[in-house]
Each structure stands twice: as structure tokens, then as C-alpha cells.
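Structural overview
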Amino acid sequence: MSALSPEQALVLTAIDRFLADPELAFGGVDTEGDDADDDTEGYESDDDTDDTDDSDAAAGVEAVDVLEAISKALLMVLPSEEIEQAITNLLACHGDQIDDSTQVVLEALLQTIERDDTEVSLETLLSAESDLLQTNALDSAALLVWDEQTTPMLEELEILDLLEAYPCRGPGARWTPDIFVQLLEAKGRLFRQTLLAVEILEEQPDTRPNAHTMLVMVPPDPQAPLELMELVVPLTVLSSTDSPGQGG
């Protein structure tokens, strides 16, 4: 294999280490349980199917735990951006020299890092946009959209503008009319729920009711479908100039 950067070498070393000894993901603890083995010694199950299912489930859990362990180990010494860049370059420039099992882990690890980054950045942005979320919850017509490919990433769109930007029919559609209808129905339900919360707040100012609204999430992968998320934001005292429902 041609020369690797220190970051690339570190990623491969971490993968090799955990694949060679998966118990490292569990801190050296016997994941099968010694006590369970002692209690069942000499017992033979009559149901081979259950044994197979249990084995497959255990293998799946172990794979997830090992992947998380690799991710955590790397994040202790490298920023997520450098890990992403190292994995991307490994797959692009050295893919033909990396064995299949390691490639599978690299691809899964890249998805894990990207998903974690998206969740963190979304959570950070939403926490800083509580005023916008509350305003949107009080507007029955404006829909919130989170798209990392746009500036700003979080914006409000009217229904027709949303369909123009993200059509649910035709080539390249990333959602269906049924999902769009689900969005509108959920938006209406949460809008009515928020109006009720406003009434409670006005009658009992010491309470802390929540506003609710919907968010359309646009994954970075152009082939991935759009996702819907319900948002909850603490409802603050409204001024006398506020007029809930002005959008519809």
C-alpha cells in the first residue's frame, strides 16, 4: 500500500485492533456471560431456530458495539472532520488495496461519523433558533426545512415553495404525496396543540407549556428520502401584538 497519512494509518490501526479483539468494545467483559454458561451446562435446546436467531442477534449487537467503540476511540485523538477526510481518502485512493471486511467497516464508520455530526449540528442550531421555532409553531402555513446544502440551513417555506424546492412527484422526487399529506396533517394537529398551550400560558403564566411544530429534514445524500421530525420548544410569554394563527 502506498504511503498513508498519520490520520489514515490511525484509522486503519484502530479498525484492525478492534476487529482482531472485539471484546475490547466491551472493556474486556465476557459478553456471553460466564454465569449463564454455568447454569445451562449440559442443557441442550430442542429449538435450533431460536439458537440461530439468538446468535444472529448477538452478532448484530456486537457489530454495532465494535463500530461505536472504534468511533469513540478515534474521536478521542482526532476531530470528526479529520476522521471523515481520512476515511474518504482511504476508500478513494486505497480501496483496491484494503480487504473487503475493512472496507465495510470504513463505510459504516463514515456513516456513523456523518450522522453524529448532523445530529450535533442540528441540535446546536435548533437550540439557538428557539424564537423561530416558536414563531413557526404559531403559524399554520409556514413549514420548517433543515437542509445542509442551503444557506441558511434552517428556513421557513410556504407550502407551494416547499413543493417547488422538493417535489414529491416525478424524476428525482425524494418523498411521496402521501408523506407530504402526513406532514400537513401533523402540522395542523401540532398547530392546534400549540394554540391550546398559548391559552394555558395566558391563563396560568407560571406554567411552562410547550409549542410543537414539524421539521422537514433533507439528508445530504441526494438519494436519501426526506425525513419528518416533530419539534418541541418551550413556549414563552407572548406580547399583546402577537397573533397566533396569522399564517392561516
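Definitions and cut-offs
Residues numbered from 1 in each chain as written. Predicted model: local features only at pLDDT ≥ 70, side-chain atom pairs only at ≥ 80, totals over all residues. Heavy atoms only, no water. Patch = residues over 30% accessible without salt bridge, like charges linked within 9 Å, V, L, I, M, F, W, Y side chains within 5 Å. Areas by Shrake-Rupley, 256 points an atom, 1.4 Å probe, with all protein chains shown as cover. Salt bridge = Lys/Arg side-chain N within 4 Å of Asp/Glu carboxyl O. Lys, Arg positive; Asp, Glu negative; His and termini not counted. Charge placed at Lys NZ, Arg CZ, Asp CG, Glu CD. Helix = DSSP H or I, 4+ residues; strand = E, 2+ residues; numbered from the N terminus. Buried < 20%, exposed > 50% of the residue type's maximum accessible area, 1.4 Å probe, protein only. Phe/Tyr/Trp six-rings, centres within 6.5 Å; stacked < 30°, edge-to-face > 60°. Pairing = 2+ DSSP bridges. Axes fitted to C-alpha atoms, helices over the stretch in contact; angles between N-to-C directions. Parallel < 35°, antiparallel > 145°, perpendicular 65-115°, else oblique. Contact = heavy atoms within 4.5 Å. Nonpolar A, V, L, I, M, F, W, Y, C, P; charged D, E, K, R; others polar. Core = buried A, V, L, I, M, F, W, Y, C linked by side-chain atoms within 4.5 Å. pLDDT = per-residue confidence, 0-100. Expected span 1.5 Å × (residues − 1).

So, about a negative patch on the surface. Taken together, the side chains of Glu156, Glu158, Asp161 and Glu164 present a region of like negative charge at the surface. Considering the arrangement of structural elements, one finds Asp161 in helix H7 (residues 159-165). We classify Asp161 as partly exposed; its relative accessible area is 37%.

This paragraph deals with unusual backbone geometry. Between Thr151 and the following residue, Pro152, the backbone shows a cis peptide bond with an omega angle of 0 degrees. Checked against the element boundaries, Pro152 lands in the loop between strand E1 (143-147) and strand E2 (154-157).

Counting across every chain of the model gives one aromatic pair. Their ring planes at 85 degrees and their centres at 5.6 Å tell us that Trp175 and Phe180 sit as a pair that is edge-to-face. Residue class for Phe180 comes out buried when judged on its relative accessible area of 9%.

It is worth spelling out the pairing of E1 at this point. Across a regular strand the side chains alternate sides, sitting on one face of the sheet and then on the other. Most of E1 sits inside the fold, with five of its five residues counted as buried. Burial along E1 is two-sided: the face carrying Leu143, Val145 and Asp147 and the face carrying Leu144 and Trp146 are both buried. Bridge count between E1 and E2: four bridges; the pairing is antiparallel. Directly across from Leu143, in E2, lies its bridge partner Leu157. Linking E1 to E2, which pair antiparallel, is a turn of six residues. By the bridge criterion, four bridges tie E1 to strand E3 (residues 210-218) in an arrangement that is parallel. Bridge assignment links Val145 to a residue of E3, and that residue is Val216.

Following both chains from N to C, one finds helix H1 (residues 6-20) and helix H4 (residues 80-93) inclined at 85 degrees, their axes separated by 9 Å at the closest point. In this view, H1 runs roughly perpendicular relative to H4, as classed from their interaxial angle. Of the residues in H4, those in contact with Glu7, Gln8, Val11 and Leu12 of H1 are Glu82, Ala86, Ile87, Asn89 and Leu90. Grouping the amino acids of the contact of H1 with H4 by side-chain chemistry returns five nonpolar, two polar and two charged.

Another point: the nonpolar core. Core analysis: the largest hydrophobic core is formed by 20 residues, its most contacted members being Val11, Ile70, Leu74, Ile87 and Leu106. Only H1, helix H3 (48-75), H4 and helix H5 (100-128) provide two or more residues apiece to this core.

The share of residues in the protein with pLDDT of 70 or more is 71%, and the mean pLDDT across the chain is 76. Predicted confidence in the protein is weakest over helix H2 (residues 34-39), with a mean pLDDT of 44, and strongest over H7, with 94. The model gives residues 28-46 a pLDDT under 50, and that stretch makes six contacts with residues more than four places away or in other chains.

A separate point is a nonpolar patch on the surface. Nonpolar side chains collect at one region of the surface, where Leu10, Met76 and Val77 lie side by side and expose about 320 Å² of accessible area between them. As for its placement among the helices and strands, Leu10 is situated in helix H1. By relative accessible area, Leu10 is classed as partly exposed at 33%.

Look at helix H8 (residues 177-203): 39 Å from first C-alpha to last across 27 residues, which is about the 39 Å you get at 1.5 Å a residue. Taken as a whole, H8 has its buried residues at Phe180, Leu183, Ala186, Lys187, Gly188, Leu190, Phe191, Thr194, Ala197, Val198 and Leu201. Tucked into the core, H8 has its buried residues touching helix H6 (130-137), E1, H7, E3 and strand E4 (227-234).

Its place among the elements puts Ile98 in the loop between H4 and H5. Among the residues examined, Ile98 registers a relative accessible area of 8% and is labelled buried.

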